[in-house]
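# Results of the structural survey
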Amino acid sequence: VHLDGWTWEDMTIAGPLALYVYWPGAAAFSPWAETEAAKKADETQKEKIAALKQAFADARAYATARKAGDVKGAPRLHREPKWDSMIAAIDGTIPVVIRARYASEIEDALKWAETEGLRVILAGAEEAYAVTDLLKSKNIPVILDPMFDFPPRRDQPYDRLFSLPRELNEAGIRIAFSMDKKAPDARNLAYSAAMAVAY
């Protein structure tokens, strides 16, 4: 973007750059918990993943119908902005940024993305250290943003996130730093890199 302009249209240099997907995460319950709440959370996660898969299937069907609409004599298709916005990701023109936190979620998200034939960038990925071989084999870059947060699990050392960039870099995985949704904290972005260097 240009840093000056009255509207986002004025400020945009190029776009869209990516499609952002929040991978439905599992609720934090003990593995041996057989409570109703744990079962309900598991069902909710499965429903959200099914809805995500259905959205991509619908977008693919819409893209196919759009192409068919270019043929003379084909029925006119009403434009649907939400599906229009996904076409560039489905055809590989832009990547899909998938936000996933834990190793199991990362594995599930990448398996799904592979079946969809998507170009992927991983975001968040606090447990990326546990799947470095997978990320390297698929050449998946990672956007790190929780640099100044607590470790993802209670039994991990305090510097778990501080040393993650080093581990990914040493594994040959491309990384970038971000402040995620904390736009006012953008001025602190350089400190993420500084912390990574210190560790």
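Residues numbered from 1 in each chain as written. Predicted model: local features only at pLDDT ≥ 70, side-chain atom pairs only at ≥ 80, totals over all residues. Heavy atoms only, no water.

## Some words on the overall build of the chain
Put simply, the rule reads: A run of H or I in DSSP becomes a helix once it reaches four residues, and a run of E becomes a strand once it reaches two; helices and strands are each numbered from the N terminus. Accessibility here uses a 1.4 Å probe with only protein chains present; expressed as a share of the type maximum, an area under 20% marks a residue as buried, one over 50% as exposed, and anything in between as partly exposed. Contacts are assigned to residue pairs with any non-hydrogen atoms lying within 4.5 Å of each other. Residue burial considers only the protein chains on display, and all accessible areas are found by Shrake-Rupley using a 1.4 Å probe.
When its secondary structure is counted, the chain shows 7 helices and 5 strands. Reading the chain from its N terminus to its C terminus gives the helix and strand order α-β-α-α-β-α-β-α-β-α-β-α. With respect to the three principal axes, the spread of C-alpha positions in the chain is 65 × 50 × 35 Å. Here the chain holds 199 residues, and 34% of them are scored as buried. For the chain, the share of sequence-separated contacts (at least 6 apart) that also reach a separation of at least 24 residues comes to 62%. Carbon together with sulfur atoms contributes 56% to the accessible area of the chain, which is approximately 12,800 Å² in total.

## Describing the packing of aromatic side chains
Filter applied, for reference: Any two rings among Phe, Tyr and Trp, with Trp reduced to its six-membered ring, count as a pair given centres within 6.5 Å; such a pair is stacked if its planes are under 30 degrees apart, edge-to-face if over 60, and tilted if neither.
For the structure shown, the criterion picks out 6 aromatic pairs. Judged by centre distance (5.3 Å) and plane angle (50 degrees), the ring pair of tyrosine 20 and tyrosine 22 falls under tilted. Under the relative-accessibility criterion, tyrosine 20 is labelled partly exposed at 39%. Measuring from ring centre to ring centre gives 4.9 Å for phenylalanine 56 and tryptophan 112, while their planes differ by 85 degrees; the resulting arrangement is edge-to-face. With phenylalanine 56 in helix H2 (residues 36-69) and tryptophan 112 in helix H4 (residues 103-116), the pair connects residues that are 56 residues apart, well separated along the chain. Judged on exposure class, the residue phenylalanine 56 and its partner tryptophan 112 are both buried. Members of the aromatic cluster, joined through ring pairs, are Trp23, Phe56 and Trp112.

## Overview of the sheet that holds strand E3 (residues 120-124)
Pairing between the strands of a sheet is mediated by backbone hydrogen bonds and can be parallel or antiparallel. Threshold: Strand pairing is assigned whenever DSSP detects at least two bridges linking the two strands. Simply put, an axis is a line fit to the C-alpha atoms, just over the touching stretch for a helix, and the angle between two N-to-C directions goes from 0 to 180 degrees.
With respect to topology, 5 strands assemble into an open sheet ordered E1-E2-E3-E4-E5, the strand pairing being parallel. The sheet is open, and its two edges are formed by strand E1 (19-22) and strand E5 (175-177), each paired on a single side. The average undirected angle you get between the axes of adjacent strands in this sheet is 25 degrees. One ladder, built from 4 bridges, connects E1 with strand E2 (residues 96-100); its direction is parallel. Residue tyrosine 20 lies in a different strand from E2, and its bridge partner there is valine 97.

## What to know about the environment of alanine 50
Structurally, the position occupied by alanine 50 is in helix H2. Assessed through its relative accessible area of 43%, alanine 50 is described here as partly exposed. Spatially, the C-alpha atoms of alanine 50 and lysine 138 are 24 Å apart, while their sequence positions differ by 88 residues.

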